[in-house]
Every structure is written in C-alpha cells, then in structure tokens.
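Secondary and tertiary structure notes
One letter stands for each residue in the lines below.
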Amino acid sequence: MQQPLYVLAEGSERTRGSDAQSSNIAAGRAVAGAVRTTLGPRGMDKMLVDTSGDVVVTNDGATILTEMDIEHPAAQMLVEVAETQEEELGDGTTTAAVLSGELLGRAEDLLEDGVHPTAIVEGYHEALRLALDAVDGMVIGDEVDGDLLRAVAESAMTGKGTGDVTADRLAELVVDAVTQVTEDGRVDRDDIRTFTWTGGSAAATELVQGVVLEEEPANDNMPRRVEDASVAVVDAKLDVRSGEVDSEYTITSVDQLDAALTAEDEERRAIASALSDAGVDVIVCSKKISDRVAAHLADAGILAFSNVKKSDAGSFARATGASRLGTVSDVEPADLGTAREVRVEKFGDDEFAVVEGTDDSRTVTLFVRGGTEHVVDELERALEDAVGVVTAAVEDGAVVPGAGAAEVAVVDHVRAGANAVTGRKQLAVEAFADAVEAIPRTLAENVGMDPIDALVELRATFDRDGVAGVVAEGQSGRIGDPAEVGVYDPAAVKREALESATEAATMILRIDDVIAAN
Ligand code: ADP
Ligand code: MG
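Bear in mind that the values here come from a model prediction, so they are computed numbers and not experimental data.

**As for helix 14 (residues 425-446)**
In this model, helix 14 (22 residues) spans 32 Å end to end at C-alpha, consistent with the 32 Å of a helix rising 1.5 Å per residue. A positive backbone phi angle near 90° is found at Gly-448, which sits one or two residues after helix 14.

**A closer look at the domain arrangement of the protein chain**
Assigned domains within the protein chain: domain 1 (13-141 + 400-516) and domain 2 (210-358). Computed from C-alpha coordinates alone, the two centres of domain 1 and domain 2 are separated by 54 Å.

**A short note on the packing of helix 14 against helix 15 (residues 451-465)**
Taken N-terminus to C-terminus, the directions of helix 14 and helix 15 make an angle of 125°; their axes are 9 Å apart at the nearest point. Judged on the interaxial angle alone, helix 15 and helix 14 are oblique. Of the two elements, helix 14 crosses helix 15, and the hand of that crossing is right-handed. Contacts between helix 14 and helix 15 involve Glu-437, Pro-440, Arg-441, Ala-444 and Glu-445 on the former and, on the latter, Pro-451, Ala-454, Leu-455, Leu-458 and Arg-459. Within the contact of helix 14 with helix 15, the residues separate by chemical class into six nonpolar, no polar and four charged.

**As for a negative patch on the surface**
Taken together, the side chains of Glu-214, Glu-216, Asp-220, Asp-349 and Asp-350 make up a negatively charged region of the molecular surface. With respect to the helices and strands, the residue Glu-214 is situated in the loop between strand 6 (210-213) and strand 7 (225-234). Given the relative accessible area of 58%, Glu-214 is considered exposed.

**Digging into the site of ligand 1**
Ligand 1 sits among 21 residues. The nearest are Asp-91, Thr-94, Thr-95, Ala-403 and Asp-489. Within the backbone of Gly-40, a nitrogen or oxygen atom sits 2.9 Å from an oxygen atom of ligand 1. Contact with the protein chains hides 94% of the accessible area of ligand 1, taken as 570 Å² for the molecule alone. Taken together, the elements giving at least two residues each to the shell around ligand 1 come down to helix 4 (93-112) and strand 15 (469-473). Among the elements that line the shell around ligand 1, the one with the most residues is helix 4, at three residues. Counted by class, the shell around ligand 1 contains seven nonpolar, ten polar and four charged residues.

**Quick look at the confidence of the model for the protein chain**
Note that predicted coordinates carrying low pLDDT should not be read in detail. When pLDDT is averaged across the protein chain, the result is 85; 95% of the residues are at 70 or more. Averaged pLDDT values over the elements of the protein chain bottom out at 52 in helix 8 (residues 242-246) and peak at 95 in helix 13 (residues 405-418).

**Digging into unusual backbone geometry**
Keep in mind that most residues, glycine aside, have a negative phi and that most peptide bonds are trans. Even without being glycine, Asp-184 reaches a positive phi, approximately 50°. The backbone of Ala-403 shows a phi angle near 60°, a positive value even though the residue is not glycine. Tracing the chain through its elements places Ala-403 in the loop between strand 14 (399-401) and helix 13.

**Remarks on the nonpolar core**
Among the nonpolar cores identified, the biggest contains 77 residues, and Ile-120, Tyr-124, Val-414, Phe-432, Leu-498 and Leu-509 are the most heavily contacted of them. Top element by residues in this core is helix 5 (residues 117-138). It accounts for twelve residues. Residue contacts for Tyr-124: discarding those within four places in its chain leaves Leu-103, Arg-106, Ala-107, Ala-428, Ala-431, Phe-432, Thr-502, Thr-506 and Leu-509. Membership of the second largest hydrophobic core comes to 43 residues, among which are Val-226, Val-234, Ala-322 and Val-331.

**Overview of the packing of aromatic side chains**
Counted by the stated rule, this structure contains five aromatic pairs. Judged by centre distance (5.5 Å) and plane angle (85°), the rings of Phe-195 and Phe-367 are edge-to-face. Here Phe-195 is found in strand 4 (residues 192-198), whereas its partner Phe-367 is found in strand 13 (residues 364-370), with 172 residues between them in sequence. Among the residues examined, Phe-367 registers a relative accessible area of 1% and is labelled buried. Through successive ring pairs, a cluster of aromatic residues spans Phe-195, Trp-197, Phe-352 and Phe-367.

**Some words on the environment of Glu-457**
Along the chain, the position of Glu-457 falls in helix 15. A relative accessible area of 40% means that Glu-457 is categorised as partly exposed. Along the backbone, Glu-457 and Arg-478 are 21 residues apart, and their C-alpha atoms lie at a distance of 9.4 Å.

**Description of the sheet that holds strand 13**
Adjacent strands of a sheet pair through backbone hydrogen bonds, lying either parallel or antiparallel. If you walk across this open sheet you meet the three strands as 4-13-5, and the pairing is mixed. The sheet terminates laterally at strand 4 and strand 5 (206-208), the two strands that pair on one side only. Averaged over all neighbouring strand pairs, the angle between strand axes comes to 25°, with direction disregarded. Across seven bridges, strand 4 lies against strand 13 in parallel orientation. Bridging from a neighbouring strand, Thr-198 pairs with Gly-370 of strand 13. Where helix 12 (residues 373-396) meets the sheet, its contacts fall on strand 4 and strand 13, and the angle it forms with strand 13 comes to roughly 145°.

What counts, and where the lines are drawn
Residues numbered from 1 in each chain as written. Chains lettered and ligands numbered in written order. Predicted model: local features only at pLDDT ≥ 70, side-chain atom pairs only at ≥ 80, totals over all residues. Heavy atoms only, no water. Helix = DSSP H or I, 4+ residues; strand = E, 2+ residues; numbered from the N terminus. Expected span 1.5 Å × (residues − 1). Domains from an automatic or database assignment. Axes fitted to C-alpha atoms, helices over the stretch in contact; angles between N-to-C directions. Parallel < 35°, antiparallel > 145°, perpendicular 65-115°, else oblique. Left-handed = near helix turned anticlockwise from the far one by under 90°. Contact = heavy atoms within 4.5 Å. Nonpolar A, V, L, I, M, F, W, Y, C, P; charged D, E, K, R; others polar. Patch = residues over 30% accessible without salt bridge, like charges linked within 9 Å, V, L, I, M, F, W, Y side chains within 5 Å. Areas by Shrake-Rupley, 256 points an atom, 1.4 Å probe, with all protein chains shown as cover. Salt bridge = Lys/Arg side-chain N within 4 Å of Asp/Glu carboxyl O. Lys, Arg positive; Asp, Glu negative; His and termini not counted. Charge placed at Lys NZ, Arg CZ, Asp CG, Glu CD. Buried < 20%, exposed > 50% of the residue type's maximum accessible area, 1.4 Å probe, protein only. Near = heavy atom within 4 Å. Polar contact = N/O pair within 3.5 Å; in protein donor to acceptor, adjacent residues only side chain to side chain. pLDDT = per-residue confidence, 0-100. Core = buried A, V, L, I, M, F, W, Y, C linked by side-chain atoms within 4.5 Å. Phe/Tyr/Trp six-rings, centres within 6.5 Å; stacked < 30°, edge-to-face > 60°. Pairing = 2+ DSSP bridges.

The structure is reproduced here in structure tokens:
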C-alpha cells in the first residue's frame, strides 16, 4: 500500500479550477460595484465607519477601498490597483476599479462559453495596445497652458464637495502651486504641502508661498511677526553642551556655585549672540531650544521654534533657501535663507507659524479651510487629486477630453481593431471594448440619464463629430463635446487606469488554484 503524500500543511484550504476563478471574479466585481456609484461629477459619497466609530465621508475611490478593510485576496488586488493609481497619479482610481470589475465580469461570460483563460488574457492585452493608441489619438493640441491646466484641476475636483463657486478658485490655487514648484518640467509632489484647518469656509482656502508649521514661539516674548527675515535652520540642541557642564566640579562655596552658573548662562547668552550677530531673525530648530536660551533669543528680538519635526524643518529650508546647520558656532550669511514674512497666527486655541518664502520658494502649502472636519478632509483629498492631475498634465504635456469621451474613442478603436484579431481572442478584444464602455455608461447613469439611450447617442455623436462625452449639466446631463464645459483629464491618468485595470484583471484570471493557509 502506498502512503498518501501530504504537501500542504494540515488545515490549509484549497479551491481549484473554475471554483477558484468564479470566487475571485465575484470578489473583484464586488469591489468595483462598491465604488461604481461614486464615479463622475454627480457621483454619490460613501460614509465609512470604522470599528472605533470614526467616520469618513468621501467620494474618493482610493480612500473608500482603503478604508473598507477588504479581506478577500483577489479583491485586495483591485484595492492595490486603486492605491497604485492614487500614488502615481492621484486620480482615476474609481475609473480603474470599475474597469477591472467590468473586465472580470466580461471574462466570466467568456469562461462560461468555454473560452480558455489564456485566450482571454491575450485578447485583453491586444485590446489594451489598441486602447492606448486611441488615447494618444485623443490628445488635444500640444500646448498645455494655464487655462487648460485649470480646467484639468477643476475636472478632477467636481463632485468632491468643493461646491461650484469655489471650484474655479481652488483650481487656480492648485495650478499656481504646481507651476511654482515645477523645475525643468518636473514636479516633486512633496514640495506641495497641504495644511488643514477647521473653521471658516472653503473659500478661505489659500496658497502660502512657503510653509505652515504647527508650532508656537519658544518664548512668549518673541516677536510674532518678522518681515524680510533672515532665517536659520538648526539641527542641533540649543543649550549648554552637557558634556562640559557635567565635568566634575567640586563646589565648596556659594561664590563658586554662582560663578559656575554665571559661566553656564554666559555660554547660553553666547549662543544667542552668535546667531544675532550673524543677522538671524528667525530660527527653526529640529532639536530642543532650552528655556534659558529661548529667553536670550527673545531678548535679542529673534523668533525661534523649538523641536520642529524634521520633515517640517526640511520644507522650511526648501521654502527659504536656508542650509541646515549642525552647529551654530560659526554661522555664515550664505547659510541663511530669506523669508518675506514669518508670522505666528492664532486660530481658536491653536497657534501656528506661517512662513512666506520668496518668489522662488521651492515649497508651497495649500492652506485648506472648511466648516467642519469632514468637509476639510474631503476638500484636502480633492485638492490632492487636483495636484496629481495638474502634475501629470505638466510632466506629460498631454490632455484628453474627459466625461467619458476618451473611453468612447477607445471603445470605437478597439471594436474596429477586433476584426483583425483571429480566433477566440477576438471575443476577448470585443469584451474589452464592452468593459471600457461601462465608464461612459456609468457616468450617464450617475447623472440620471438612461444608460442605453446615452450609449446609442454617444456612438452616433462620436461617429459624426469624432468626440462625444457625457456632459453633466444642472440636475441631469446630455451628450456633447466635453470641451464645451471644460472637462479634461490628463492622458496619463487614462493610460494608467487602462493599464492597471488590465493587469489586475488578467492576473486574477490566470489564477486557477487558491491555497489558503489556516
Ligand atoms: P476617478 O476616481 O476615476 O477620478 P471621479 O469620480 O473623479 O473618478 O470621476 C472621474 C470622471 O468624471 C472622469 O471621466 C472625468 O472626465 C469625469 N468628469 C469630471 N467632471 C465632469 C463633468 N463636469 N461632466 C462630466 N464628466 C465629468
Ligand atoms: Mg477623479
């Protein structure tokens, strides 16, 4: 008798073949279904409550999927698609998730008809190539300038609780922010910070040509506002060097004690005068400034912030052009940065430092205001999306019409290309086109149009004009050229959404065996 051979650990669970496939597909589709209704300018929001009762209200696909705490491994892959899309481009997350769900749904039908998963995977890849060509074909002009960038920013923010009145102002701020930090056509998104404050209206949101630090002065007697400031960024503790103080003294009289203390205080005073003599008006210190040194700095009329977070100190340095100093013993003028103004503002019970750099500040801050915490948080996410799309548009220099128009063109091109594909793969190429068509269909549905009528009209309009989208208008929508209402998306967002959705769907399709450890 032959002994049975155990390969897997006891208790592990194994699902194979079509069972594994349909469970994975169902999980993937469920994820896509969860975000579908949030797509587009009239998309609805989701309220997510976590186990500790914290509430997030959002329209942002990546946020929804991340907060949902999804466990199914295949569903998790779709969440990763959304997260990657969010990280790389900051927008298009819902589109990517809906698209992968659709690709999986169509694949399921093909599997039921007996098409082999490999044929589907190959067909999807061929369709993707056609789709990317179609996106390139939709790129508008070659000049991506201020007006177009503002439109791109505004398109990314519509439906995200910004309100129509403030959207154009916010778009302007975002474009200014990105333009300010662009260097050689490249944008480091870390140079655009957001700082949120609950209170006031969204319209009070502003762009600070520098940084906002959640800090208060190290001493109450320091000035609260300094103009044309020379600033120093110090990464050393500002106090008597402890090594020297501890060296054993034997104190035998009151006079000696006094002398020792005076010597120490002299040293503290010397730290303050060294900085003051170097012309420093403002100090940001990433380590501790002792109370006594702070008092001397205040006497010298210097505004100083102690224990500032390293990352904040770094941004402050980039905003002002200051070098980071490891010691204050010999500060050179070249080490100092300049700020047009540094001021301490009080909002409610909190104080913070607003640092206006100069015209060539390499760091800017979107100072986000709004009535409640939920509003501010959603506004911050909307602004981050907008920063993402403007960055993508600036770096890539390519913009396509939004509102589903790019997808309509993709559908047309992929369907036309399907004829040239032989065998069963052709079915997969057609299925890919159907899946992409779900984007304009969902947009139409979400603005309250009849989806079937909308698709028919989209095809007819595209055939006639070469461009057709679902234009949201008032409480409903119509089919037309998105340019008429200024809806544009970066081509990079469309490309990435198509690529990552295809990748996730095909990866899930290739799985025919799920082995789960207990
Ligand atoms: P995503 O997470 O994919 O960015 P959104 O909810 O932001 O999802 O919706 C994006 C889609 O909405 C894009 O196709 C974009 O072109 C479209 N869109 C944005 N503004 C409008 C508008 N005013 N009318 C119609 N479609 C719009
Ligand atoms: Mg968006």
